[in-house]
Amino acid sequence: MSSSNDRKRGNTDLEDLERLAEEIAGCTHCDLHLSRTHVVSGEGPAPAAVMFIGEAPGKKEDELGRPFVGRAGSILTALLAGAGIQRDQVFITSVVKCRPPGNRDPKREEISACKPFLFRQIGLVRPRVIVPMGRFATSVMMDFFEIPFTSFSSVRRREFPVSFQGSTLCIVPVYHPAVITHNPTRRGDLEDDFSYLKEVLQRTGCNDE
Ligand code: SF4
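Each value, and the rule that gives it
- Each chain carries its own residue numbering, running from 1 in the direction its sequence is written.
- Local features in this predicted model are restricted to residues whose pLDDT is 70 or higher, and side-chain atom pairs enter the listing and the counts only when it is 80 or higher, whereas totals over whole chains, interfaces and linings include all residues.
- The side-chain quantities take in all heavy atoms of the structure and omit both hydrogens and water.
- A pair of aromatic rings is counted whenever rings of Phe, Tyr or Trp (Trp by its six-membered ring) have centres within 6.5 Å, and the orientation is called stacked for planes under 30 degrees apart, edge-to-face for over 60 and tilted otherwise.
- Here a helix means four or more residues in a row that DSSP labels H or I, a strand means two or more in a row labelled E, and each is numbered from the N terminus.
- Here the term buried applies to any residue with accessible area under 20% of the maximum for its type, exposed to any over 50%, and partly exposed to those in between, with areas from a 1.4 Å probe on protein chains only.
- Any Lys or Arg side-chain nitrogen located within 4 Å of an Asp or Glu carboxyl oxygen qualifies as a salt bridge.

**Student:** How should the packing of aromatic side chains be read in this particular structure?
**Tutor:** Geometrically, a pair of aromatic rings is defined through the distance of the ring centres and the angle of the planes. For the coordinates displayed, the defined rule picks out eight aromatic pairs. Seen from their ring centres, F119 and F145 are 6.3 Å apart, and the 70° between their planes marks the pair as edge-to-face. One end of the pair, F119, is in helix α4 (residues 108–125); the other, F145, is in the loop between α5 (134–144) and α6 (152–155), and 26 residues separate them in sequence. Accessibility classification places F119 together with F145 in one group, the buried group. Note on F145 and F164: the rings are 6.1 Å apart at their centroids and 75° apart in plane angle, and the pair reads as edge-to-face. Note that F145 is positioned in the loop between α5 and α6 and F164 in strand β4 (residues 160–164), a separation of 19 residues in sequence. One exposure class covers both F145 and F164, and it is buried.

What follows is the structure, given as structure tokens:
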């Protein structure tokens, strides 16, 4: 049961998160602002026990200003449901908040410019489990927390406890939902990842909330 202090802090974090979203919406720190339709800062409650991080907004996300609303988003929503997670109970965002033209990979300087927003979001959302989806988001998290990273396959579906702002949280890399739009034979691997995630969340009590 949450205490009144926890509830007050939760309200403050949510207000701070909304203020941060307004700040991100006006950001011009890198050239991606020149081609975006909308900034996609992320969505979800604060605090949230689980935070999902993708690479960057796609075409549909750029059009609507919301994360994971295209084809990969439908897959993610179904995977979350299968893992017993309500989408509106988790925070979903990406490493960069504006769509790279043509869905190219974000450039190093774009990641550097945008990364502080992501870590400010983590500080306000205070997740107990962070789920980077795909090689790209995973490499950014591993780099930040100084975890050796040689390949995505060597860290996928494993747990990495780290310390962040005085709390311990766990990083659990999984495939990006878009993997099966490019390679349908990966569906089983993706479902295995989310089954594993379900077990982690049950073990840590993260999906009791
Ligand atoms: S990608 Fe990030 S740093 Fe670049 S303009 Fe968008 S919000 Fe700003």
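**Student:** What exactly am I supposed to notice about the pattern of salt bridges here?
**Tutor:** Pairing between side chains of opposite charge can happen when the charged atoms of each approach one another. Taken as a whole, this structure holds 15 salt bridges when the rule is applied. Residue R104 is joined to E110 by a salt bridge in which the shortest nitrogen-to-oxygen separation is 2.8 Å. Accessibility expressed as a relative area gives 27% for R104, which makes it partly exposed. Taking relative accessible area as the criterion, E110 reaches 4% and is therefore assigned buried. Its salt-bridge partner being D105, residue R135 comes within 4.0 Å of it at the nearest N-O pair. Note that R135 is positioned in helix α5 and D105 in the loop between β2 (91–94) and α4, a separation of 30 residues in sequence. On the accessibility criterion, R135 (47% relative accessible area) is partly exposed. Given the relative accessible area of 43%, D105 is considered partly exposed. A single network of salt bridges, built from pairs that share partners, joins E43, R66 and R87.

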